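# Report on the structure
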Amino acid sequence: MPKAPDSKKILLLMLKTLMENSDEKHRYNANALIQAVEDEGMTIERKAVYNNIKVLQEMDFDIIYSREAPAGWYMASRDFELPELKLLVDAVQISKFITAKKSDELVKKLGKLASTDEAKQLNRQVYATEQVKTDNEFIFYNVDTIQSALAEGKKISFKYYQWDVSKKLVAKNGGSAYVVSPWTMIWDDENYYLIAFDSVAGFIKFYRVDKMKDILVMDEKREGGEEFEALDLAGFAKRTFGMFGGKTTYVTLECENDLIGVMIDRFGTDAMIAEVDENHFRITIDVSISGQFYGWLVGLGPGVKIKDPEWVRDEFKERLRSMFL
């Protein structure tokens, strides 16, 4: 019999063994569990194995005994199923805002949520077209600091950076810190953005979290609650391209029918859509007019035309013309 002080340790060892090494294809019978305990320099009687299994089951661990060869116990379910972990691994590997080093670390941690054999299936590489990873190792700490400020309702200060032609990040605002009131973060175009109120400017602004450094939570209470409440985030995400703001207006586009999926994917099924003829439809959308919006239209090709308003059509023509001058 194991000594009383070791009984809890043995119970945890059995749980660890089943969590890390068992699944439907890899089961542990009583002899195998006894061996696992002995490998750690302890002893356990067969009856105690059954009692420990019962305790773990009573604690809602999904441990099942299968009589199919090889008969034994295994962890039938975990907090995350293997397909869910594969999905998370894929998302981590293709996310631009996560550095390559941090991606590898996260994949290894996710692997610990599966059995050892299942974890081998997570060691796969998923490639995104023209994948570019950020070099900012501090983005996770940035997110954590911002979340703390959000929870406390405090302002933050930070330095904001941009790329120069030498491929170096240089501080904006002459290197001086920005002071804003954070209200939330959103995910757009594979990047995290902070939505914050700028008290000096008097309106809501957006900042790429991976371009922020030296973030500090201040003692001052945040401001801009009314401005944030007036912001329609869901509508903003639909009408804004690449988080570049601009004058917001309703635009009517005439499109070939094969572009209907593109339009619904971007603007949703609530968009105003009307049939023009058997080959075309019109869609009226509320968008922020910016270079990114025009670039999106160029990418769709001749199958889409701006019908209204006239100033948007003229501005688009001028932009295209200026590209060839």
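Before going into details, it helps to say that this report is about the structure given with it. Worth saying up front: this structure is predicted, and the values here are computed from it rather than measured.

Cut-offs used in this document
Residues numbered from 1 in each chain as written. Predicted model: local features only at pLDDT ≥ 70, side-chain atom pairs only at ≥ 80, totals over all residues. Heavy atoms only, no water. Phe/Tyr/Trp six-rings, centres within 6.5 Å; stacked < 30°, edge-to-face > 60°. Buried < 20%, exposed > 50% of the residue type's maximum accessible area, 1.4 Å probe, protein only. Helix = DSSP H or I, 4+ residues; strand = E, 2+ residues; numbered from the N terminus. Salt bridge = Lys/Arg side-chain N within 4 Å of Asp/Glu carboxyl O. Pairing = 2+ DSSP bridges. Axes fitted to C-alpha atoms, helices over the stretch in contact; angles between N-to-C directions. Contact = heavy atoms within 4.5 Å.

Okay, the packing of aromatic side chains next. Tallied over the full model, the rule gives 13 aromatic pairs. With centroids separated by 5.1 Å and ring planes inclined at 65°, the aromatic side chains of Tyr65 and Trp73 adopt a geometry described as edge-to-face. A relative accessible area of 38% means that Tyr65 is categorised as partly exposed. Overall, Trp73 belongs to the buried group, its relative accessible area being 6%. Judged by centre distance (6.4 Å) and plane angle (25°), the ring pair of Phe293 and Trp296 falls under stacked. Of the two residues, Phe293 and Trp296 are both situated in helix 11 (residues 291-300); the distance of three residues between them amounts to about one turn of the helix.

With that out of the way, let us pick up unusual backbone geometry. Note that the residue after Ala69, namely Pro70, is joined by a cis bond; omega there is -5°. Inspection of the secondary structure assignment puts Pro70 in the loop between strand 1 (63-66) and strand 2 (72-75). Note that the residue after Asp308, namely Pro309, is joined by a cis bond; omega there is 0°. When you line up the elements, Pro309 lands in the loop between strand 12 (304-308) and helix 12 (310-322). One non-glycine residue, Asn173, adopts positive backbone phi at about 60°. By the element assignment, Asn173 lies in the loop between strand 4 (169-171) and strand 5 (178-188). With phi around 55°, Asp214 is a residue other than glycine that occupies positive phi space. Looking at the secondary structure, you find Asp214 in strand 8 (residues 212-221). Assessed through its relative accessible area of 53%, Asp214 is described here as exposed.

Another point: the environment of Ile10. Looking at where Ile10 falls in the secondary structure, it is placed in helix 1 (residues 4-21). Taking C-alpha positions, Ile10 is 8.7 Å from Asn52, a pair spaced 42 residues apart along the chain.

Where charged atoms from two side chains of opposite charge approach closely, those side chains can pair. Following the criterion strictly, the structure yields seven salt bridges and no others. Across the pair Glu223 and Lys155 runs a salt bridge, and its minimum N-O distance is 3.5 Å. Here Glu223 is found in the loop between strand 8 and helix 8 (225-229), whereas its partner Lys155 is found in strand 3 (residues 154-163), with 68 residues between them in sequence. In this structure Glu223 comes out as partly exposed when scored by relative accessible area, which is 38%. With a closest N to O distance of 3.1 Å, Asp198 and Lys205 form a salt bridge. Within this structure, Lys155, Glu220 and Glu223 form a network of salt bridges that share partners.

With that out of the way, let us pick up the sheet that holds strand 12. Sheet architecture is open: four strands sit in the order 10-11-9-12, paired in antiparallel fashion. With partners counted over all chains shown, the strands left at the sheet margins are strand 10 (272-275) and strand 12, one partner each. Between one strand axis and the next, the sheet turns by 30° as a mean value, whatever way the strands run. Bridge analysis of strand 9 (residues 248-256) against strand 11 (residues 280-288) gives nine bridges, and the strand direction is antiparallel. Directly across from Thr249, in strand 11, lies its bridge partner Val287. Each of strand 9, strand 10, strand 11 and strand 12 is contacted by helix 10 (residues 260-267), which is oriented at about 25° to strand 11, the strand it contacts most.

What follows concerns the pairing of strand 2. For a regular strand, the rule is simple: side chains alternate between the two faces of the sheet. Because side chains alternate across strand 2, one face comprises the buried residues Gly72 and Tyr74, and the other comprises Trp73 and Met75, equally buried. Note: strand 1 against strand 2, four bridges, orientation antiparallel. Directly across from Ser66, in strand 2, lies its bridge partner Gly72. What sits between the antiparallel neighbours strand 1 and strand 2 is a turn of five residues.

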